[in-house]
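Each chain, letter by letter, is given below.
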Amino acid sequence: MTQAPQAGPARPGRPWPAAALPLRSALGLFTILPVRAVPEIGRPDAARAVLWLPVAGLLLSVPAAGVLLGVQAGGGSAPRRLLAAALAIGVLALLTGGLHLDGLADTADGLGSRRPRDEALAIMRRSDVGPFGVVALLFTVLVQVTALATVTAGWPGAAALAVAAVTGRTAVVLATGPGSPAARPDGFGALVAGATSARARITAVAVLLAAAAATAAAWGWYPAARAVIAVLAGLCAAGLLRRLAVRRLGGMTGDVFGALVEVSSAMVLLALALTA
């Protein structure tokens, strides 16, 4: 069961610039990084924090990509590339405290139960993981690891990991529009449901597509096209899951947002692997 993200105890340190406070909120809520905590967060602050989630994803991808490159530097064999991919995906999960993976498992249990809305939401609140959750976790992580291991080793693989991490979080931004109500009156879903503007969501997608294409263009026009296709595939997969959640659960919850991150990231890596 994933509760609404809570800020931890405040830590001493230099104050953040005002413009960076939403990023601080995003890092404090969705990662285990030692940033100064936000004592309380309301709907406006939560909406601004969500818009910075893609930047948080990019920051998280840096150490994960470093692990990937470091392990791959020791050899290019298939088992070593698989190990590098597994460790990189593990670092991402560790830095988020397993928050998104937990949301994926709970969402799978709720949707897989095929129970009425209220019963499905109750299942998602339980602390245990059911069979659908276990299968969803294993399958999604397996796809992420093997797909990343299939992408060209070195900097292309590191770039693919970053694009996947950012796309997964951009999918959350897209799911905070007026077409995605909150499934419950409490929790993180209620804080951010319908809280972002159309302009902000469009800008997030446009920046992501441009950045992905520009980064991949260093290896030619075809990698750039692959990057754009992969991003669109990831966002489409998340969009389908969002629609299913709205239809079956009545809207969004913190668990569903976590599931969007993992499913979208997996689809990006899968698309890059299949088009290699």
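Above this note sits the structure.
A brief report on the enclosed structure follows. (Residues numbered from 1 in each chain as written. Predicted model: local features only at pLDDT ≥ 70, side-chain atom pairs only at ≥ 80, totals over all residues. Heavy atoms only, no water.)

**A look at the pattern of salt bridges**
For side chains of opposite charge, pairing can occur when their charged atoms come near one another. Under the criterion given, the structure shown has 4 salt bridges. The closest approach of N and O atoms between Arg115 and Glu119, which form a salt bridge, is 3.5 Å. Judged by relative accessible area, Glu119 falls into the partly exposed class, the value being 41%. (Salt bridge = Lys/Arg side-chain N within 4 Å of Asp/Glu carboxyl O. Buried < 20%, exposed > 50% of the residue type's maximum accessible area, 1.4 Å probe, protein only.)

**Concerning the packing of helix H3 (residues 53–72) against helix H8 (residues 155–174)**
The interhelical angle for the contact between H3 and H8, taken along N-to-C directions, is 155 degrees, at an axis separation of 8 Å. By the angle class used here, H3 and H8 are roughly antiparallel. Viewed along their axes, H3 and H8 form a crossing whose handedness is right-handed. Counted together, Leu53, Pro54, Gly57, Leu58, Leu60, Ser61, Ala64, Ala65, Leu68 and Leu69 of H3 and Trp155, Gly157, Ala158, Leu161, Ala162, Ala165, Val166, Arg169, Thr170, Val172 and Val173 of H8 form the full contact between these two elements. Each residue belonging to the contact of H3 with H8 can be placed in one class, and the counts come to 16 nonpolar, 4 polar and 1 charged. (Axes fitted to C-alpha atoms, helices over the stretch in contact; angles between N-to-C directions. Helix = DSSP H or I, 4+ residues; strand = E, 2+ residues; numbered from the N terminus. Parallel < 35°, antiparallel > 145°, perpendicular 65-115°, else oblique. Left-handed = near helix turned anticlockwise from the far one by under 90°. Contact = heavy atoms within 4.5 Å. Nonpolar A, V, L, I, M, F, W, Y, C, P; charged D, E, K, R; others polar.)

**Description of the environment of Thr170**
Its place among the elements puts Thr170 in helix H8. Among the residues examined, Thr170 registers a relative accessible area of 1% and is labelled buried. Discounting residues that sit within four places of it in the chain, Thr170 has contacts with Pro54, Ala204, Val205, Leu208 and Leu235.

**A closer look at empty space enclosed by the protein**
Counted under the stated rule, the structure contains 2 cavities of 30 Å³ or more. What the largest cavity holds in volume is close to 160 Å³. If you list the elements that add at least two residues to the lining of the largest cavity, you get helix H4 (78–95), helix H5 (99–112), H8 and helix H12 (254–274). At 4 residues, H12 tops the list of elements feeding residues into the lining of the largest cavity. Considering only residue class, the lining of the largest cavity consists of 8 nonpolar, 4 polar and 2 charged. (1 Å grid on protein atoms, 1.4 Å probe; cavity = no way out; pocket = protein on both sides within 12 Å on 5 of 7 lines; lining within 4 Å. Points joined across faces, edges and corners; volume = space filled by probe spheres on them.)

**A few points about a nonpolar patch on the surface**
Taken together, the side chains of Val129, Val134 and Leu138 present a nonpolar region at the surface, about 250 Å² in accessible area. Among the secondary structure elements, Val134 is positioned in helix H7 (residues 131–150). (Patch = residues over 30% accessible without salt bridge, like charges linked within 9 Å, V, L, I, M, F, W, Y side chains within 5 Å. Areas by Shrake-Rupley, 256 points an atom, 1.4 Å probe, with all protein chains shown as cover.)

**So, the side chain of Arg201**
Position of Arg201 relative to the elements: it lies in helix H10 (residues 198–216). Despite its burial, Arg201 remains without a salt bridge, the nearest opposite charge being carried by Asp45 at 17 Å. Apart from the residues lying within four places of it in its own chain, the contact partners of Arg201 are Val173, Leu174, Thr176, Gly177, Pro178 and Thr196. (Lys, Arg positive; Asp, Glu negative; His and termini not counted.)

**Regarding the layout of surface pockets**
The probe, sized like a water molecule, is rolled over the atoms to show the empty space still left. As a volume, the largest pocket reaches approximately 410 Å³. In this structure, the largest pocket is lined by 18 residues; those nearest its centre are Pro54, Val166, Val207, Leu208 and Ala211. Where the lining of the largest pocket is concerned, the elements lending two or more residues are H3, H8 and H10. No other element matches H10, which puts 8 residues into the lining of the largest pocket. Within the lining of the largest pocket, the residues separate by chemical class into 15 nonpolar, 3 polar and no charged. Reported here for the second largest pocket is a volume of approximately 290 Å³. Forming the boundary of the second largest pocket are 15 residues, of which Leu104, Ala136, Phe139, Thr140 and Val263 lie nearest the centre. Counting residues per element, the ones that place at least two in the lining of the second largest pocket are H5, H7, helix H11 (221–249) and H12. Here the element with the most residues in the lining of the second largest pocket is H12; it accounts for 5 residues. Classifying every residue of the lining of the second largest pocket gives 13 nonpolar, 2 polar and no charged.

**Concerning the packing of H11 against H12**
The N-to-C vectors of H11 and H12 enclose an angle of 150 degrees; their axes lie 8 Å apart at closest approach. One finds that H11 runs roughly antiparallel with respect to H12. Where H11 crosses over H12, the two elements pack in a sense that is right-handed. Here the contact of H11 with H12 is composed, by residue class, of 18 nonpolar, 2 polar and 2 charged.

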